[in-house]
Amino acid sequence: VDDDTPPQTLSERSVAAVAEYIKSGRARRIVVMTGAGISTAAGIPDFRSPETGLYANLASLNLPEPEAVFDLSFFRQNPAPFYVLAKDLYPGNYHPTVSHVFISLLASKGLLHQLFTQNIDCLERAAGIPADLIVEAHGSFAAQRCIECKTPFGDAPMREHVRAGKVPRCERAPECDGLVKPDIVFFGEALPRLFFERTRMAAEADLILVMGTSLQVHPFASLPNLAPESVPRVLFNLERVGTLGSHADDVLVLGDCDAGVRKLADELGWREELETRWREL
Ligand code: CNA
């Protein structure tokens, strides 16, 4: 869109105007869409940032290609690289970021309609966002099961195996002995049913916040396009992604997402509350 095209909903294309829109009470159904970029400040590398990205780090594991770590047929032959990654990413190792806490603040204020996350680090839950407002589009480490007979595997033994760097196997052994995998969506696997049940929430949004995602993985990548064009969309990301910036009411906040979120919190008068909550978490 031409930068001169006047917005329909916001008074102007700025963070201040987004804050004004929220404060006016017209944004009651805020839908947030997140990716690995909101967790990098916690110390978890994203996938695609060169040098620091997870794919770059996985080079040391001798994978045919980095994506293999999330490939089911590769996992069947060699589950070890996934469990190296799992040991690092396992919930409990990391602290939620300011961006996670901002989303939990939206929830506390009754403004969060739905959060769609691609992350598997469970930091949304750790930040106190109510479970029913979270759609973990690519699953998470919250539960695990046998890839053959689908029998669930306990949380406590899972934690033990991951910590010890051991690959867990189905407890129905010796009959089964299949590999156990967290309910993380691997390449070629279907997304959780909840994702499809909740996409209508994205269509109902009156404000969309997209944070820390390259929007390269489908069908997640099309979520920001489901609401009418007059619905403001704000992108907090290092780079411009997807169709963000092409609507007259899109606001691009390029740079570190925690910095962008702090700017919005300042404009909303929520900054102190945000910092306090983050510190006390
Ligand atoms: P991605 O493709 O790695 O993209 C991350 C995006 O975030 C890029 O556009 C970066 O420029 C941007 N970014 C990185 N750091 C920041 C920052 N501090 N502030 C603002 N923007 C930043 O990751 P996506 O989530 O888009 O890709 C989808 C995959 C990655 C999902 O299936 C995830 O499961 C998977 N993943 C998850 C985690 C996690 O759970 N924390 C970590 C790594 C990968």
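Up top is the structure.
From a predicted model like this one, the values you see are computed outputs, not experimental measurements.

> Could you clarify how one ought to interpret the site of the ligand in this entry?
What surrounds the ligand is a group of 27 residues, the closest being Arg48, Asp121, His138, Ser214 and Glu239. A distance of 3.1 Å separates a nitrogen atom of the ligand from a polar atom in the side chain of threonine 40. Measuring from an oxygen atom of the ligand, one finds a side-chain N or O atom of histidine 138 at 2.6 Å. When the ligand sits alone it has 850 Å² of accessible area, and the protein chains cover 94% of it. Looking at the shell around the ligand residue by residue, the class counts come to 10 nonpolar, 12 polar and five charged.

> Any chance you could explain the environment of alanine 137 here in plain terms?
You can see alanine 137 is positioned in the loop between strand E3 (134-136) and strand E4 (139-146). Owing to a relative accessible area of 0%, alanine 137 belongs among the buried residues under this scheme. Considering only alpha carbons, one finds alanine 137 and asparagine 119, 18 residues apart in sequence, at a separation of 7.9 Å.

> Honestly, the side chain of glutamine 144 in this entry has me stumped. Any pointers?
Take glutamine 144: it is sitting in strand E4. You can call glutamine 144 buried: its relative accessible area is 2%. Within polar-contact distance, the side chain of glutamine 144 engages the backbone oxygen of phenylalanine 153 at 2.8 Å. Among the polar contacts listed, one links the side chain of glutamine 144 to the backbone oxygen of glycine 154, at a separation of 3.4 Å. The residues touching glutamine 144, leaving out its near neighbours within four places in the chain, are Tyr90, Pro152, Phe153, Gly154, Asp155, Met158, Val180, Lys181, Pro182 and Asp183.

> When you look at the sheet that holds strand E6 (residues 180-184) in this model, what are you seeing that I'm missing?
Across a sheet, paired strands are connected by hydrogen bonds in the backbone, their directions being either parallel or antiparallel. Strand order in the open sheet made by the three strands is E5-E4-E6, with antiparallel pairing throughout. Taken across any chain shown, the strands that pair with only one partner, and hence form the sheet edges, are strand E5 (152-153) and E6. In this sheet, E5 lies alongside E4 in antiparallel orientation, the contact comprising two bridges. Pairing of arginine 145 across the sheet is with proline 152, part of E5. Running at roughly 55° to E6, helix H4 (residues 80-89) makes contact with E4 and E6 of the sheet.

The rules behind these values
- Residues numbered from 1 in each chain as written.
- Predicted model: local features only at pLDDT ≥ 70, side-chain atom pairs only at ≥ 80, totals over all residues.
- Heavy atoms only, no water.
- Near = heavy atom within 4 Å.
- Polar contact = N/O pair within 3.5 Å; in protein donor to acceptor, adjacent residues only side chain to side chain.
- Areas by Shrake-Rupley, 256 points an atom, 1.4 Å probe, with all protein chains shown as cover.
- Nonpolar A, V, L, I, M, F, W, Y, C, P; charged D, E, K, R; others polar.
- Helix = DSSP H or I, 4+ residues; strand = E, 2+ residues; numbered from the N terminus.
- Buried < 20%, exposed > 50% of the residue type's maximum accessible area, 1.4 Å probe, protein only.
- Contact = heavy atoms within 4.5 Å.
- Pairing = 2+ DSSP bridges.
- Axes fitted to C-alpha atoms, helices over the stretch in contact; angles between N-to-C directions.

Everything listed is a geometric property; what it means functionally is a separate question.
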